[in-house]
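A closer look at the structure
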Amino acid sequence: MQLSDPVAPGRRTDASAVRLDAVSLAYDGAPPVLDRLTLETPAGAFRYLVGPSGVGKSSLLRLIFLDAAPTSGTIALFGETATGASPAQKARLRRRIGVVFQDFRLLDGLSLVDNIALPRLIGGAAVADARREAAELIAWVGLGDRIDATPASLSGGERQRAAIARAVIVRPNLIVADEPTGSVDDDMADRLMALFEELNREGATVILATHSMDLLERFPHPAIRLGAGRAVMETP
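Residues numbered from 1 in each chain as written. Predicted model: local features only at pLDDT ≥ 70, side-chain atom pairs only at ≥ 80, totals over all residues. Heavy atoms only, no water.

Let us look at the overall build of the protein chain. Counting its regular elements, the protein chain contains seven helices and eleven strands. Relative to a compact globule of 236 residues, whose C-alpha radius of gyration would be 18 Å, the protein chain shows 17 Å and is just as compact. Taken along its principal axes, the extent of the C-alpha atoms in the protein chain is 50 × 40 × 40 Å. Considering the protein chain as a whole, with its 236 residues, one finds that 50% of them fall into the buried category. For the protein chain, restricting intrachain contacts to residue pairs at least 6 apart in sequence, the fraction spanning at least 24 positions comes to 69%. Carbon and sulfur atoms form 52% of the exposed surface of the protein chain, whose accessible area is close to 10500 Å². (Helix = DSSP H or I, 4+ residues; strand = E, 2+ residues; numbered from the N terminus. Rg over C-alpha atoms; globule rule 2.2 N^0.38 Å. Buried < 20%, exposed > 50% of the residue type's maximum accessible area, 1.4 Å probe, protein only. Contact = heavy atoms within 4.5 Å. Areas by Shrake-Rupley, 256 points an atom, 1.4 Å probe, with all protein chains shown as cover.)

Mapped onto the elements of the fold, leucine 61 is located in helix α1 (residues 57–64). Take leucine 61: its relative accessible area is 6%, and that puts it in the buried class. Taking the C-alpha atoms as reference points, leucine 61 and aspartate 178, 117 residues apart in sequence, are found 7.5 Å from one another. Not counting residues up to four positions away in its chain, the partners in contact with leucine 61 are Leu49, Val176, Ala177, Asp178, Ile207 and Ala209.

A positive phi angle is found at phenylalanine 78, which is not glycine, with a value near 55°. Structurally, the position occupied by phenylalanine 78 is in the loop between β5 (72–77) and β6 (80–81). With a phi angle near 50°, arginine 171 is a residue other than glycine that sits in the positive phi range. With respect to the helices and strands, arginine 171 occurs in the loop between α5 (156–168) and β8 (174–178).

Taken as a whole, the largest pocket holds about 620 Å³ of empty space. Lining the largest pocket are 23 residues, and of these Phe65, Arg94, Ile97, Pro119 and Ile122 lie nearest its centre. Looking at the lining of the largest pocket, the elements that each hand over two or more residues are α2 (87–94), β7 (97–100), α3 (112–122) and α5. In terms of residue count, the dominant contributor to the lining of the largest pocket is α3 (four residues). Its residues assigned to classes, the lining of the largest pocket comprises twelve nonpolar, four polar and seven charged. (1 Å grid on protein atoms, 1.4 Å probe; cavity = no way out; pocket = protein on both sides within 12 Å on 5 of 7 lines; lining within 4 Å. Points joined across faces, edges and corners; volume = space filled by probe spheres on them. Nonpolar A, V, L, I, M, F, W, Y, C, P; charged D, E, K, R; others polar.)

Turning our attention to the confidence of the model for the protein chain. Summing up the model confidence of the protein chain, the mean pLDDT is 88 and the portion of residues at 70 or higher is 94%. Per-residue pLDDT stays below 50 along residues 1–14; that stretch engages in 34 contacts with residues further than four places along the chain or on separate chains. (pLDDT = per-residue confidence, 0-100.)

With that out of the way, let us pick up α5. Given 3.6 residues per turn, any residue in an α-helix points the same way as the ones three and four places further on. Spanning 13 residues, α5 covers 19 Å between terminal C-alpha atoms, matching the ideal 18 Å at 1.5 Å per step. Summarising burial for α5: eleven of the 13 residues are buried, a large majority. Those residues of α5 that fall on the buried side of the exposure criterion are Gly157, Glu158, Gln160, Arg161, Ala162, Ala163, Ile164, Ala165, Arg166, Ala167 and Val168. Next to the buried residues of α5 lie β7, α3, α4 (127–140), β8 and α6 (186–201). (Expected span 1.5 Å × (residues − 1).)

Ranked by internal contacts, the top residues of the largest apolar core, which has 43 residues, are Tyr48, Ile116, Met193, Phe196 and Leu208. Here this core takes seven residues from α6, the largest share from any one element. If near-sequence neighbours (up to four positions away) are discounted, methionine 193 is found in contact with Phe46, Tyr48, Thr181, Leu208, Leu215 and Phe219. With 33 residues, the next largest nonpolar core counts Leu25, Val33, Leu60 and Ile224 among its residues. (Core = buried A, V, L, I, M, F, W, Y, C linked by side-chain atoms within 4.5 Å.)

Two pairing modes exist for strands in a sheet, parallel and antiparallel, and in both the strands are linked by backbone hydrogen bonds. In space, the six strands of this open sheet follow the order β7-β8-β9-β4-β10-β11, with mixed pairing throughout. In the strand order of this sheet, the two ends are held by β7 and β11 (230–234), each with one partner. Neighbour to neighbour, the strand axes of the sheet diverge by 15° on average, direction disregarded. For β7 and β8, the ladder comprises four bridges, and the chain directions are parallel. Each residue of the ladder has a partner; that of glycine 98, found in β8, is isoleucine 175. In the packing of α5 onto the sheet, the strands contacted are β7 and β8, and the crossing angle to β7 comes to about 175°. (Pairing = 2+ DSSP bridges. Axes fitted to C-alpha atoms, helices over the stretch in contact; angles between N-to-C directions.)

This is the structure in structure tokens:
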């Protein structure tokens, strides 16, 4: 199925952020989670990813982040073929992507500020600069009083906010987020959505998986609805 995804007015259209061509994904001989999916998301777009549990939203995000390989078909990121890429090529592409996982993936041996600063440090930033930027984001997501806490001492909602701060600290070209507001109250969800929308206005492509129809109503953007391995585009 060809899924048309028109770019929003004013957005750059020189390249797609994400393109999937006839991508299928199956696990251990089971029926495919995704079935010959063709999808193109323009650079600078904001797209929700919706559908009931089990239809492949998390699997699609894993494919986009190159955390999984398709059973068949090809994936391109930023105009560059990623299917079959070398480890070095994948690492280079991943540095342009900020990811918010449902399981957070914070490092227990590091404080909150060092967890969030880590992507900047890996990218070569000075320790003082990385920690300062991390502290600013920690305050933005409402965790200023937990800056030196360890992940084990944080609640699920606090870890969710920390994972979002870590994902966006490098100002990535593409943000993929799996239920990023699922563990926070409405006020914090609004604050986090304001951050995603600000980054999108600055040019980042955002693909955000959610079950919350209320979120789509309060922050309207086009949605990609998955079901039976295929996808359709819905406009707000």
